[in-house]
Amino acid sequence: MKTLKEAGIGSTVKVVRLHGEGAVKRRIMDMGITRGVSVYVRKVAPLGDPIEVTVRGYELSLRKEDAGMIEVE
């Protein structure tokens, strides 16, 4: 299982599954990250947190903890 947290800078990955429960999972889905969507990893902050991605045509910053809940391929 590879997560968005492990994806390399400059890579485009496809969301396979969202882990997590309740409000956290709902918040990730409300940001546009749903099963089947492509996510481009733009950059990672110097200390590794947050991760900046492009999803559905807009930029989004995710905490490493949240990115670890997004299973990708």
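Structure: see above.
Not measured: the values here are computed from a predicted model. (Residues numbered from 1 in each chain as written. Predicted model: local features only at pLDDT ≥ 70, side-chain atom pairs only at ≥ 80, totals over all residues. Heavy atoms only, no water.)

Draft legend 1. Local environment of the overall build of the protein chain. Within the protein chain, the secondary structure is distributed over two helices and six strands. Secondary structure elements in the protein chain, listed N-terminal to C-terminal, are β-β-α-β-β-β-α-β. For a compact globule of 73 residues, the expected C-alpha radius of gyration is about 11 Å, and the protein chain comes in at 11 Å, within 12% of that figure. With the principal axes as the frame, the protein chain shows a C-alpha extent of 30 × 25 × 20 Å. Residue burial in the protein chain is summarised as follows: out of 73 residues, 37% are buried. The contacts in the protein chain between residues at least 6 apart in sequence include a share of 55% that link residues at least 24 apart. Total accessible area on the protein chain stands at roughly 4400 Å², and carbon and sulfur atoms take up 50% of it. (Helix = DSSP H or I, 4+ residues; strand = E, 2+ residues; numbered from the N terminus. Rg over C-alpha atoms; globule rule 2.2 N^0.38 Å. Buried < 20%, exposed > 50% of the residue type's maximum accessible area, 1.4 Å probe, protein only. Contact = heavy atoms within 4.5 Å. Areas by Shrake-Rupley, 256 points an atom, 1.4 Å probe, with all protein chains shown as cover.)

Draft legend 2. Fine view of the nonpolar core. Leu4, Ile33, Val39, Val53, Leu62 and Ile70 are the most contacted members of the largest nonpolar core, which has 20 residues in total. Contributing elements (two or more residues each) for this core: β2 (12-18), β3 (38-44), β4 (51-55), β5 (58-62) and β6 (70-72). If near-sequence neighbours (up to four positions away) are discounted, Leu62 is found in contact with Leu4, Met31, Ile33, Asp49, Pro50, Ile51, Val53 and Ile70. (Core = buried A, V, L, I, M, F, W, Y, C linked by side-chain atoms within 4.5 Å.)

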